[in-house]
Amino acid sequence: MNRTELLSLVASVIASLLISTSTHAQTQHVKVTSADGKKAIEFEFIRYIPATQEVVYRRHGAPRPMTSKLSLFSEDSKALILELQRAKEMAVVQAPIQDPTVAQRTPIASNQTGSLSELPARNEPKEGSMHEGIIKGLAIIADFPDQPISEERMAELKRKYSAMELTADGKIQSIKKYYHVLSRGSLTIKTDVVGPIPLPHNAMHYYKLGAKTGAKGQQVSLGRYKALEDCLNHLIASGFDFSPYTKVQSSDPRRDNQLLFLSFVCQARGQRSETGRPDALLFNASTTSLRFGGIKPIEADGVRFSTFFGGSSIHEVAHRVLEWPDLYGVGSQVGPQTGVSTIMSGVWNSTPDPYHMYQTGWLDAENIYGKSGRFSIQCGDVNTAYAYYDPSNPDEYFFIQPMIKSGLFDNRTNDEGLAIWRIYTKGANHVFPKEPLLVEMVHCDGVNADVRGSNVFFKSGQYDAYTADTVASSRWMYGEKAGLDSGLEISDISKVGSTMSFTLHRSSLKTDRVVHFHYRPADSEGWIPTAVCNLPVRTIGGFREINRDAVYKLPDGIESTYRSSILNNFLLSGHDNSLSSFSLPPKSDGENPTIVIRLNEMRQVKHIEVVGKTRSNIDKRRMRNTIASISDDGTQWETVGNVDASEDGRWLVTLSDGVSARFIKLENESGEKLTLGKVFIYGR
């Protein structure tokens, strides 16, 4: 028997053992040698990652897995590692799955032509993150003398950390179950819930310690840091053993030996704020450090207590354990949302995004670049997706995966269907709009501002295709190929069911370059710029659009959410009305809602056309109360028209020849919302 036959026999035996002894592939102890043959080690083989050519293993006695490049091993060891990986994959596919909520690795159903294409590269795991194995975590529950925590609340917290059963409506209800499902059983988080720990002071004592502005602009109570310090000191004084809990292993001495999973629940109600709403004085679900709160790190039993997160938050666990970043903008306090609805956009039990699932090694993807035919994919399976990855443009690619309302996860949109995700590896959602998005959930209607809308996902009906020429375009958006056709052309997207399907075409790449829209915030004076539009310029009787380079301003007293909406950039852009909507409420002081438009220079104005948001009777009524005025300097106004009855949802004001102006004002004089779809100004 030669070496190859022997290795194959070993792998087959291991595979049969794996299948017979466990529902999930188990690790195996093997002896390997280094590439130079001078060093031999024995380790527990976990898996091999082809994308990065890395071997994941655990040395004897080590608390956490390690990774090494395959090239560091001898040829015999390489062959053995690859055979072991093949045996693991055979075991996972063939073994019966006892937990029905854990996905099985199964091929994606497709009927297509084309060659197998390579997949996007996976980044090296960040130091300190942990994707496999068992994490022993600690949750500390604080108890105020004047506001003792109830037994019901303690029971609820324990469920949120560790319950493996589903809720009555079939949803995941705990941190442990969530990551058990996502990792297909390869990551287990066991949390000890300790408490209630009696605090020495009432809630108001901690509240009066003040607050500090966090990195995202939020006010963070300093009292919770002092409360955690008091709880830790109480546990240390009582002889609590911290040694069993999982620690961070890092080359950075500031992070090394930190407790990896430290959750702190510290909730109290206090005085009412100026808004009349009771403040949650000490609770904040962010991941933070004691040092931020002015507390020096505490050490006990070889464990450093520094970084912790508030509450039983699945989102914060992803930050701490997986090093997944926020996918909402820092500006959710002061700027635009990113249009993404996932666990990393702040929702308790939402679906994870496929990019970070793929990077973590928990998602199986099939690259459909260069293929054609009919493809189908199971709904509700977060471990499977299609990728559209062109190796010549590695920084930008797509994932395709259904998102549904039923199933294990909460879908906080008002829609379901085929989700298409645009990935740009040089982007960063948390600093959007200063930088492009890393993960973009493409909205089928082309407007990515509102995740609560009904036109988010693709399905049979109005939005059943995604091509270079659809409203939401599949053209490349970034880098040297920005605006060029990506070649992704899908159509005939099915209805939502147990599976979804679509047809992928091999299209001839279009050579025209189209400028894509990026969010553009208002300037320092509050003037909102207009999105770029490459549609033909409209004309009426020899007068052409002069609104596409105009800006406009919202009045003082309007809620900040209206100021930061991405939709604002489309009001004057010249796009189709289906792209956006605009509905401005009355000012907080009761004054009429008004917008002021400023042209780029003094122009002859002939027509002002207002297009309704919809053709509903309510919107038509609101339009009829809209008046238009013009001005040379923005201070002295002349009324030039008001809305008459308009059955088609359009209203056109025609001015006398030779009238010049630079400013146009639209106002709802009834005090109702100013409801608009688009504004077009024609002149010379």
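Residues numbered from 1 in each chain as written. Predicted model: local features only at pLDDT ≥ 70, side-chain atom pairs only at ≥ 80, totals over all residues. Heavy atoms only, no water.

(A) Layout of the overall build of the protein. Scanning the protein for helices and strands turns up 10 helices and 36 strands. Out of the 684 residues in the protein, the part that is buried amounts to 52%. Excluding contacts between residues fewer than 6 apart, the proportion of contacts in the protein whose partners are at least 24 apart in sequence is 67%. (Helix = DSSP H or I, 4+ residues; strand = E, 2+ residues; numbered from the N terminus. Buried < 20%, exposed > 50% of the residue type's maximum accessible area, 1.4 Å probe, protein only. Contact = heavy atoms within 4.5 Å.)

(B) Just helix α3 (residues 151-162), in detail. With 12 residues, α3 should reach 16 Å at 1.5 Å per residue; the first-to-last C-alpha distance of 17 Å fits that figure. For α3, every residue scored as buried is listed here: Met 154, Leu 157 and Tyr 161. Angularly, the buried residues of α3 cover 60 degrees about the axis, an arc narrow enough to put them on a single face. Residues of α3 that are buried in the fold lie against β6 (133-143), α4 (175-182), β7 (187-198) and β10 (262-265). (Expected span 1.5 Å × (residues − 1). Arc of directions from axis to C-beta.)

(C) Main features of the side chain of Ser 629. Along the chain, the position of Ser 629 falls in strand β31 (residues 626-631). If we skip the residues at most four places from it in the chain, Ser 629 touches Trp 637, Glu 638, Thr 639, Val 640, Phe 663, Ile 664 and Lys 665.

(D) Quick peek at the sheet that holds strand β20 (residues 396-403). Strand order in this open sheet of five strands is β17-β19-β20-β21-β22, and the pairing throughout is mixed. Each of the sheet's edge strands pairs with one partner strand only, and the pair in question is β17 (364-367) and β22 (439-442). Strand-to-strand twist of the sheet, defined as the mean angle between neighbouring strand axes without regard to direction, takes the value 30 degrees. The sheet contact formed by β17 and strand β19 (residues 384-388) spans four bridges and is parallel. Counterpart to Glu 366 in the pairing with β19 is Tyr 386. (Pairing = 2+ DSSP bridges. Axes fitted to C-alpha atoms, helices over the stretch in contact; angles between N-to-C directions.)

(E) Representation of the packing of aromatic side chains in the model. Considering all chains together, one arrives at 21 aromatic pairs under this definition. Geometrically, the ring pair formed by Phe 375 and Tyr 386 is edge-to-face, given 5.3 Å between the ring centres and 85 degrees between the ring planes. Of this pair, Phe 375 sits in strand β18 (residues 372-378) while Tyr 386 sits in strand β19, and the two are 11 residues apart along the sequence. Among the residues examined, Tyr 386 registers a relative accessible area of 0% and is labelled buried. Note on Tyr 389 and Tyr 397: the rings are 5.6 Å apart at their centroids and 85 degrees apart in plane angle, and the pair reads as edge-to-face. A relative accessible area of 1% means that Tyr 397 is categorised as buried. (Phe/Tyr/Trp six-rings, centres within 6.5 Å; stacked < 30°, edge-to-face > 60°.)

(F) Structural detail: the packing of α4 against helix α7 (residues 314-322). Taken N-terminus to C-terminus, the directions of α4 and α7 make an angle of 60 degrees; their axes are 10 Å apart at the nearest point. Comparing their axes, α7 and α4 come out oblique. For the pair α4 and α7, the crossing hand works out as right-handed. Residue-level inspection shows Ile 175, Tyr 178 and Tyr 179 of α4 in contact with α7, the latter providing Ile 314, Val 317, Ala 318 and Leu 322. Here the residues of the contact of α4 with α7 sort into seven nonpolar, no polar and no charged. (Parallel < 35°, antiparallel > 145°, perpendicular 65-115°, else oblique. Left-handed = near helix turned anticlockwise from the far one by under 90°. Nonpolar A, V, L, I, M, F, W, Y, C, P; charged D, E, K, R; others polar.)

(G) Structural detail: the environment of Cys 231. Turning to its location among the elements, Cys 231 is positioned in helix α6 (residues 223-237). Linking Cys 231 and Pro 200, residues 31 residues apart in sequence, is a C-alpha distance of 9.2 Å. Once residues lying within four places of it in the same chain are set aside, the contact partners of Cys 231 are Ile 140, Ala 142, Ile 197, Leu 199 and Phe 264.

(H) Structural view of the nonpolar core. Membership of the largest hydrophobic core comes to 54 residues, with the highest contact counts inside it found for Tyr 179, Leu 182, Phe 261, Trp 324, Phe 399 and Trp 421. Counting residues in each nonpolar core, the second largest holds 27 residues, with Ile 140, Tyr 206, Tyr 225 and Cys 266 among its members. (Core = buried A, V, L, I, M, F, W, Y, C linked by side-chain atoms within 4.5 Å.)

(I) Geometry of the environment of Glu 75. Along the chain, Glu 75 turns up in helix α2 (residues 75-94). For the pair Glu 75 and Thr 33, spaced 42 residues apart in the sequence, the C-alpha separation amounts to 8.9 Å. Of note is the side chain of Glu 75, whose polar atom sits 3.2 Å from the side chain of Lys 78. (Polar contact = N/O pair within 3.5 Å; in protein donor to acceptor, adjacent residues only side chain to side chain.)

(J) Fine view of the pattern of salt bridges. Summed over all chains, the structure comprises 16 salt bridges. The shortest N-O distance in the salt bridge between Lys 426 and Asp 395 comes to 3.5 Å. Of the two residues, Lys 426 is situated in the loop between β21 (417-424) and β22 and Asp 395 in the loop between β19 and β20; the sequence distance between them amounts to 31 residues. Accessibility expressed as a relative area gives 55% for Lys 426, which makes it exposed. Assessed through its relative accessible area of 26%, Asp 395 is described here as partly exposed. Here Glu 440 makes a salt bridge to Arg 422, at a shortest N to O gap of 3.7 Å. Here Arg 422 lies in strand β21 and Glu 440 lies in strand β22, a separation of 18 residues in the sequence. Each of the salt bridges in this network shares a partner with another, and the network as a whole consists of Arg 153, Glu 156 and Lys 160. (Salt bridge = Lys/Arg side-chain N within 4 Å of Asp/Glu carboxyl O.)

(K) Molecular detail of unusual backbone geometry. With an omega dihedral of 5 degrees, the bond running from Gly 195 to Pro 196 counts as a cis peptide bond. The phi dihedral of Arg 184 falls on the positive side, at around 55 degrees, and the residue is not glycine. Mapped onto the elements of the fold, Arg 184 is located in the loop between α4 and β7. Although it is not a glycine, Asp 492 adopts a positive phi angle of roughly 50 degrees. Tracing the sequence through the fold places Asp 492 in the loop between β23 (490-491) and β24 (499-504).

(L) Highlighting the confidence of the model for the protein. Of the residues in the protein, 74% reach a pLDDT of 70 or more, and the chain-wide mean stands at 78. A low-confidence stretch, residues 91-97 stays under pLDDT 50, and its non-local contacts, those more than four residues away or across chains, total 17 contacts. In the model, residues 270-282 has pLDDT below 50 throughout and makes 30 contacts with residues more than four positions away in sequence or in other chains. (pLDDT = per-residue confidence, 0-100.)

(M) Spatial organisation of the pairing of strand β32 (residues 638-642). Sheet analysis places β31 next to β32, joined by four bridges and oriented antiparallel. Bridge assignment links Ser 629 to a residue of β32, and that residue is Thr 639. Counted between consecutive antiparallel strands, the loop separating β31 from β32 contains six residues, among which Gly 634 sits at a positive phi close to 85 degrees.

(N) The arrangement of the environment of Asp 469 in detail. Tracing the sequence through the fold places Asp 469 in the loop between β22 and β23. Residue class for Asp 469 comes out exposed when judged on its relative accessible area of 53%. In sequence terms Asp 469 and Glu 489 are 20 residues apart; their C-alpha atoms lie 9.3 Å from each other.

(O) Looking closely at the pairing of β31. Within β31, six of the six residues are buried, leaving the element largely enclosed by the surrounding structure. The alternating pattern of β31 places Thr 626, Ala 628 and Ile 630 on one face and Ile 627, Ser 629 and Ser 631 on the opposite face, and all of these are buried. Alignment of β31 against strand β34 (residues 660-668), held across six bridges, turns out to be antiparallel. Considered in β34, the bridge of Ile 627 is made with Glu 667.

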